[in-house]
Amino acid sequence: MSTATRPQLQYLHDAIEDLKAKHLYFNLKILEGEQKPIANFDGKEVINLSSNNYLGLTTHPKLRRAAIDATRKFGVGSGAVRTIAGTMKMHMDLEAQIASFKKVEACVVFQSGFAANAGTVSAILGKDDLVISDELNHASIIDGCRLSRATIKVFKHKDAADCERVLQETKDWNGKKLLITDGVFSMDGDIANLPALCDLAEKYNCIMMVDDAHSSGVLGSRGRGTIDHLNCHGRVDIQVGTLSKAIGSIGGYVCGSRDLIDFLHQRARPFLFSTSHPPSVTATCQAAFELLDSEAGEKLIKKLWANTKFFKRKLKKLGFNTGKSETPITPIMVGEAAKAFQFSRELFAEGVFAGAIGFPTVPEGKARLRTIVTATHKRPDLERAAEIIGRVGKKLEVVS
Ligand SMILES: *Cc1c(COP(=O)(O)O)cnc(C)c1O
């Protein structure tokens, strides 16, 4: 087999060499065994501060059992897209369960949160329409907007006044208008100002859409998300969530009115052209929402927040800048990307896995480590992680 780069792809090779020269090239970390608070990456046991496994559900015994039982009973695949022969009864049951959990009329599940955002925005808007979008919205929202061919106007992060400036400038817009924001921002861990944005959406007649990927299972009553947390029920037309983070499996969903969901069945391209989830995934998610909406779920969320507060306090005491985080996503601001990557590498060597995030995921000059503790981290492990982060941070002069 010939594996040499053919001339057509030489430019990719050059781009990779360029990244390596700038110390911006990353290698995939290989997880052996389970996704847990102490995990084995690249053959090394480390304290894992890098997953989105907020409640530890990736390895929860009830979810594991649900997946195995469903596989025994229904097989390993759905065998078709939803619109042809791939809608199983359990798909419908899960959607009804999520709709009821989120207190809305209806829900549709997609293969991923990415597909939910990209598929929804591109389905409901066209080239004559307008999107008003927070500058730090997730890549899947941005891609959905681009696919829709709508005009995109960006407002300053979390800035309702700047959002209103954009709405004023476009108040005579003829097409539809979509105001869209993340509920919790995935790189900074701060929470959107939803009540103010809902006011603006109502005042300027916009469709209101919130991506609650990082807040479902984390914020609000029993993890119902930012809309519940900030008392905005009934004011958000389109709620997106993911099944891949706190829920512990994979997938995304859109919640809203019956009409919205019926329309997405007809027009959302990932729903029409990509195969539905296998029974194991759907059964896992059913078990996860059942757990979430129970006292056991409440306990896990409480533990998540107690661990979060404990860890943030430790980092602040050590002098680290944790940005504007209000949630378990806790950045450790570094600045220069090369230094953030070095910080992460040295931490890993000492037994702490905290990934570095640089451009283009965050703006240039705002490189950071991104940490997330979970409900299943043990206190002594968090203490040890903080101690190591403090020691290495001092050595690299991230703190004095
Ligand atoms: C992770 C994330 C997604 C994508 O969800 P997946 O299920 O992993 O595809 C979408 N939006 C936001 C804000 C996210 O953080």
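If you're wondering where the values come from, they're calculated on a predicted model, not measured in any experiment.

Rules used throughout
- Residues numbered from 1 in each chain as written.
- Predicted model: local features only at pLDDT ≥ 70, side-chain atom pairs only at ≥ 80, totals over all residues.
- Heavy atoms only, no water.
- Helix = DSSP H or I, 4+ residues; strand = E, 2+ residues; numbered from the N terminus.
- Rg over C-alpha atoms; globule rule 2.2 N^0.38 Å.
- Buried < 20%, exposed > 50% of the residue type's maximum accessible area, 1.4 Å probe, protein only.
- Contact = heavy atoms within 4.5 Å.
- Areas by Shrake-Rupley, 256 points an atom, 1.4 Å probe, with all protein chains shown as cover.
- Lys, Arg positive; Asp, Glu negative; His and termini not counted.
- Charge placed at Lys NZ, Arg CZ, Asp CG, Glu CD.
- Salt bridge = Lys/Arg side-chain N within 4 Å of Asp/Glu carboxyl O.
- Polar contact = N/O pair within 3.5 Å; in protein donor to acceptor, adjacent residues only side chain to side chain.
- Patch = residues over 30% accessible without salt bridge, like charges linked within 9 Å, V, L, I, M, F, W, Y side chains within 5 Å.
- Pairing = 2+ DSSP bridges.
- Right-handed = clockwise from strand over helix to strand, strands pointing away.
- Expected span 1.5 Å × (residues − 1).
- Domains from an automatic or database assignment.
- Buried area = accessible area lost by both parts, 1.4 Å probe.

Colleague: Whenever I open this one, the overall build of the chain confuses me. Can you help?
Modeller: The secondary structure content of the chain amounts to 14 helices and 14 strands. The C-alpha radius of gyration of the chain comes to 22 Å, within 12% of the 21 Å expected for a compact globule of 400 residues. For the C-alpha atoms alone, the extent of the chain along its principal axes is close to 55 × 55 × 55 Å. Burial status across the chain gives 52% buried among its 400 residues. Counting only contacts in the chain whose residues sit at least 6 apart along the sequence, the fraction spanning at least 24 positions is 70%. When the accessible area of the chain is evaluated, it comes to approximately 18,900 Å², of which 52% is carbon and sulfur surface. When the 54 basic and 45 acidic side-chain charges of the chain are each reduced to a single mean position, those positions are 4 Å apart.

Colleague: Could you clarify how one ought to interpret the pattern of salt bridges in this entry?
Modeller: Working definition: two side chains of opposite charge can pair if their charged atoms are close together. As enumerated under the stated definition, the model contains 22 salt bridges in all. Across the pair K89 and D93 runs a salt bridge, and its minimum N-O distance is 2.9 Å. One end of the pair is K89 and the other is D93, both in helix α3 (residues 89–102) and four residues apart, which spans about a single turn. Close ionic contact of E346 with K395 constitutes a salt bridge, the shortest N to O distance being 2.6 Å. With E346 in helix α13 (residues 337–349) and K395 in helix α14 (residues 379–395), this pair connects stretches of sequence that are 49 residues apart. Overall, K395 belongs to the exposed group, its relative accessible area being 58%. One salt-bridge network, held together by shared partners, links R222, R224, D293 and E298.

Colleague: Mind showing me how you'd approach the environment of K44 here?
Modeller: Within the element layout of this structure, K44 appears in strand β3 (residues 44–48). Residue K44 is classed as partly exposed on the basis of its relative accessible area of 28%. Non-local contacts of K44, meaning those with residues more than four positions away in its chain, are made with A39, F348, A349 and G351. Engagement of the side chain of K44 in a polar contact is seen with the backbone oxygen of A349, the distance being 3.2 Å.

Colleague: I'm lost on a positive patch on the surface in this one. Help?
Modeller: On the surface, K303, K309, R313, K314, K317, K378 and R379 cluster together into a patch of positive charge. No other element matches helix α12 (residues 295–317), which puts five residues into the positive patch. Its location among the elements puts R313 in helix α12. For R313, a relative accessible area of 56% translates into the label exposed.

Colleague: Would you mind showing me how to read the pairing of strand β8 (residues 207–211) here?
Modeller: Residues in a regular strand project their side chains so that they alternate between the two faces of the sheet. Among the five residues in β8, four count as buried, and that is most of the element. In this sheet, β8 lies alongside strand β7 (residues 177–182) in parallel orientation, the contact comprising five bridges. Paired with D182 across the bridge in β8 is D211. As a crossover connection, the stretch from β7 through helix α7 (residues 194–203) into β8 is right-handed. With three bridges connecting them, β8 and strand β9 (residues 238–242) associate as parallel partners. Within β9, the position partnered with M209 by the bridge is I238.

Colleague: Looking at this structure, how should I read α14?
Modeller: Helical geometry note: an α-helix holds 3.6 residues per turn, so side chains three or four residues apart project in the same direction. For α14, with 17 residues, the first-to-last C-alpha span of 25 Å sits near the 24 Å given by 1.5 Å per residue. Those residues of α14 lying buried are D381, L382, A385, A386, I388, I389, G390, V392 and G393. Among the structural elements, β2 (38–41), β3, α12, β11 (329–335), α13 and β12 (352–353) are those in contact with the buried residues of α14. Looking one or two residues past α14, E397 carries a phi angle of roughly 60°, positive in sign.

Colleague: Could you clarify how one ought to interpret the domain arrangement of the chain in this entry?
Modeller: Note on interface size: it is often stated as the accessible area lost on association of the parts. Once the domains are mapped, the chain shows domain 1 (20–49 + 295–395) and domain 2 (60–292). Here domain 1 and domain 2 have C-alpha centroids that lie 27 Å from each other. The interface is formed by 21 residues belonging to domain 1 together with 18 residues belonging to domain 2. Both faces combined, the contact of domain 1 with domain 2 buries some 1,600 Å², and carbon together with sulfur accounts for 58% of it. Summed over the three residues of domain 1 that lose the most area to domain 2, namely I301, E326 and I329, the buried surface amounts to 28% of that side. The interface formed by domain 1 and domain 2 contains four salt bridges.

Colleague: What should I look at first to understand the environment of L136 in this one?
Modeller: When you line up the elements, L136 lands in the loop between β5 (130–134) and α5 (139–148). Classification of L136 by relative accessible area gives partly exposed; the value is 31%. A sequence separation of 51 residues divides L136 from A85, and the C-alpha atoms of the two residues are 38 Å apart. Beyond its immediate stretch of four places on either side in the chain, L136 contacts H157, D182, F185 and D188.

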